[in-house]
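Structural features, examined
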Amino acid sequence: MSAPDRNEYIRVKRRNQTFFIPTSQSDSFAYIKEEICKALGGDDDSIDPKLMRLYVDSKSEGGDADAGKETKKAIPDAALLSDHGVKNDDIVILEMDES
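What counts and how
Residues numbered from 1 in each chain as written. Predicted model: local features only at pLDDT ≥ 70, side-chain atom pairs only at ≥ 80, totals over all residues. Heavy atoms only, no water. pLDDT = per-residue confidence, 0-100. Contact = heavy atoms within 4.5 Å. Helix = DSSP H or I, 4+ residues; strand = E, 2+ residues; numbered from the N terminus. Buried < 20%, exposed > 50% of the residue type's maximum accessible area, 1.4 Å probe, protein only. Pairing = 2+ DSSP bridges. Axes fitted to C-alpha atoms, helices over the stretch in contact; angles between N-to-C directions. Salt bridge = Lys/Arg side-chain N within 4 Å of Asp/Glu carboxyl O.

On average, residues of the protein carry a pLDDT of 81, and 78% of them reach 70 or more. Counting contacts from residues 60-69, a segment whose pLDDT is below 50, to residues more than four positions away or on other chains yields 5 contacts.

With that settled, consider the environment of leucine 54. Within the secondary structure layout, leucine 54 lies in strand E3 (residues 52-56). Here leucine 54 falls in the buried class, since its relative accessible area comes to 0%. It is 5.6 Å that separates the C-alpha atoms of leucine 54 and isoleucine 93, two residues lying 39 residues apart in sequence. Excluding its chain neighbours within four sequence positions, the residues that come into contact with leucine 54 are Val12, Phe29, Ile32, Lys33, Ile36, Lys73, Ala74, Ile75, Val92, Ile93 and Leu94.

Turning next to the sheet that holds strand E1 (residues 8-14). In spatial order, the strands read E2-E1-E4-E3; together these 4 strands make up an open sheet with mixed pairing. The open sheet has two edge strands, strand E2 (17-23) and E3, and neither has a second partner. Between one strand axis and the next, the sheet turns through 30° on average, direction left out of account. Relative to strand E4 (residues 91-96), E1 runs parallel, the two sharing 3 bridges. Looking at E4, one finds that valine 12 is bridged to valine 92. Where helix H1 (residues 29-39) meets the sheet, its contacts fall on E1, E2, E3 and E4, and the angle it forms with E3 comes to roughly 120°.

With that settled, the discussion passes to the pattern of salt bridges. Throughout the structure, instances matching the rule amount to 4 salt bridges. Here aspartate 77 ties to lysine 33 by a salt bridge, and the two come within 2.6 Å at their closest N and O atoms. One end of the pair, aspartate 77, is in the loop between E3 and E4; the other, lysine 33, is in helix H1, with 44 residues separating them in the sequence. Glutamate 35 is the partner of lysine 38 in a salt bridge, and the nearest nitrogen-oxygen pair spans 3.1 Å. Taken together, the residues span about one helical turn, with lysine 38 and glutamate 35 both in helix H1 at a distance of 3 residues.

The complete set of buried residues in H1 reads Phe29, Tyr31, Ile32, Lys33, Glu35, Ile36 and Cys37. In this structure, the buried residues of H1 make contact with E1, E2, E3 and E4. Backbone geometry just downstream of H1 places glycine 41 in the positive-phi region, at approximately 85°.

Let us look at the side chain of threonine 23. With respect to the helices and strands, the residue threonine 23 is situated in strand E2. Not counting residues within four places of it along the chain, the set of residues in contact with threonine 23 comprises Asp5, Arg6, Asn7, Glu8, Tyr9, Ile10, Ile32 and Leu81.

Structural data, given as structure tokens:
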């Protein structure tokens, strides 16, 4: 079985940082969290992916009709990029629990 072709990427934004993560539509959000850990310079033990929350940026989905409304819900780790319509060059927001 061959590895997925990762010729696309998403932008993961957190505060003043942006990470460019190579992706394919079949990647899970758990995989994205693992890649973020690597980008932050840590191994899997130094940064706990369970403390990460990922959200699809509503601006990249076509508008600000709900501007000012807080209706975001963290995306489950098992979900795939294709499940949430995340495509090449889309933005995903990263928040870290300070626990």
